[in-house]
Amino acid sequence: MSKAIVVSEPGGPEVLRLAEVPTPEPGSGQVTVDVAACGVNFIDIYQRSGVYPVALPFVPGLEGAGTVVAAGPDVTGVAVGDRVAWVNQPGGYAQRVAIPAAAAVPVPDGVDAATAAAAMLQGMTAHYLVHDTYPVRPGDTVLVHAAAGGMGQLLTQWCRLRGARVIGTVSSAAKEELARAAGADEVIRYDNTDVVAAVRALTGGEGVAAVYDGVGAPTFDASLASLRPRGTLALYGQAGGAVPPVDPQRLNAAGSVLLARPSLTHHVATRHELLTRAGAVLDLLATGRLRIHVGKVYPLEEAAAAHADLAGRRSVGKLLLQPSDSPH
C-alpha cells in the first residue's frame, strides 16, 4: 500500500484527503515512479472543484518527477533507476504513480527532481507561448500578467532571452521585486494603476505586440485594449475566472488583433514534440539560463493548504507537494 491524496466528491480544499491506496503496478507500456515531487497547478483546483469534471474518486496532480522503480511489458527507452519527469498524466499527488513510458521525460544530471517537477507544465507552456502562439522577436514589447507567479517569471525570462522588452503586472511591492528579479523591464501595479493607460504610456501610445494572460476575466478587457494593431492576445488560463463569450467584432475594433486560447496538450501531441519542448526547458535550467522559483514545498498531507494558498493568491513562484517517505 502507499499514500495518496484522494478526491471522492467535488468541493473546496477540504475534499483533498490523505488515504492508503494500492501501490500502482505498471501495465503494458507503463512505468511506476517513486514520486519525489509533484506540481500544484490551477487545473488541479478546477478538477477538484468540479469546474473540469473528472470521474470520481481520483488522485489529483498532473505533473511530477521521480525515479522509475518498475517497468511493465513492452517498455523501451526507459529503465528502472532512471530519473524522469512527466506532465498531463493523472495521479501525481501520491507516493507512487504509474505513467506511460512514452510520457516519461529524462531528467539531466544538472537538474534536481523538485526543479524538474516545477518545470514541466509551466516550463513547456512558456515554451510554446513564446515560440508558437506568438513567436517573440528581438525588439518586441510584450505584456505579462501576474509576472511574479511561476508562469509569469518563466514567461518574463524567456521573452527576455528572445530579445523582447517585458512589461509585467503585479499586485504588491513584494511581487514587483520578484518580477524585476525575473527580468521585467517595467512593472505595473494593477492594484493602484490603470493598466491600459500605463501600457500606452510605456509604448509611446502604440501598445504591445503580445499579451500573455493566464488570469482571465479580471484582465481580459485590459489585455485586449493594450495590444498594438495586429497584436496577439494569448489567453492561456483563467486563474481569476472564465472570460465570458466574446464578440469577434471586438477583435477587429481593437486593431485586427488575434485571440488565441491554447493549451499544452495540443503542443506535446507526439513523443518527439514532448521531448523537444521538455528538452529545451531542462537544458536551459541545467545551464542556468532559465530559473524556476519554487515558492513553497508542502508535505503531501498538506495538499489542502497548498490549494488554498494558490487560489487565494498568497503564493509566489511554483508550489510543490513532496511525499514524506516511500510506500510500504
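Rules behind the numbers
- Residues numbered from 1 in each chain as written.
- Predicted model: local features only at pLDDT ≥ 70, side-chain atom pairs only at ≥ 80, totals over all residues.
- Heavy atoms only, no water.
- Salt bridge = Lys/Arg side-chain N within 4 Å of Asp/Glu carboxyl O.
- Buried < 20%, exposed > 50% of the residue type's maximum accessible area, 1.4 Å probe, protein only.
- Helix = DSSP H or I, 4+ residues; strand = E, 2+ residues; numbered from the N terminus.
- Axes fitted to C-alpha atoms, helices over the stretch in contact; angles between N-to-C directions.
- Parallel < 35°, antiparallel > 145°, perpendicular 65-115°, else oblique.
- Contact = heavy atoms within 4.5 Å.
- Nonpolar A, V, L, I, M, F, W, Y, C, P; charged D, E, K, R; others polar.
- Pairing = 2+ DSSP bridges.

Here we look at the pattern of salt bridges
Step number 1: Under the criterion given, the structure shown has nine salt bridges.
Step number 2: Salt-bridge contacts for Asp191 lead to Arg189; the nearest nitrogen and oxygen are separated by 2.9 Å.
Step number 3: On the accessibility criterion, Asp191 (42% relative accessible area) is partly exposed.
Step number 4: Between Glu273 and Arg277 there is a salt bridge, with the nearest N and O atoms lying 3.1 Å from each other. Of this pair, Glu273 and Arg277 both sit in helix α8 (residues 271–286), four residues apart, roughly one helical turn.
Step number 5: Arg277 sits in the buried class, given a relative accessible area of 5%.

Some words on the packing of helix α1 (residues 42–49) against helix α9 (residues 303–311)
Step number 1: In contact at an axis separation of 10 Å, α1 and α9 are set at 110° when each is read in the N-to-C sense. As far as their axial angle goes, α9 and α1 are roughly perpendicular. Between α1, through Phe42, Asp44, Ile45 and Arg48, and α9, the contact on the second element is made entirely by His307, Leu310 and Ala311.
Step number 2: Here the contact of α1 with α9 is composed, by residue class, of four nonpolar, one polar and two charged.

Section: the sheet that holds strand β10 (residues 186–189)
Step number 1: Read across the open sheet, the six strands follow the order β10-β9-β8-β11-β12-β13; overall the sheet is parallel. A single partner strand is all that each edge strand has here, and the edge strands are β10 and β13 (258–260). When the angles between neighbouring strand axes are averaged without regard to direction, this sheet yields 15°.
Step number 2: With five bridges joining them, strand β11 (residues 208–213) and strand β12 (residues 227–235) adopt parallel strand pairing. Residue Ala210 lies in a different strand from β12, and its bridge partner there is Thr232.
Step number 3: Relative to the sheet, helix α4 (residues 173–182) contacts β9 (165–170) and β10, its axis offset from that of β10 by approximately 160°.

As far as function goes, none of this settles anything; it's purely spatial.
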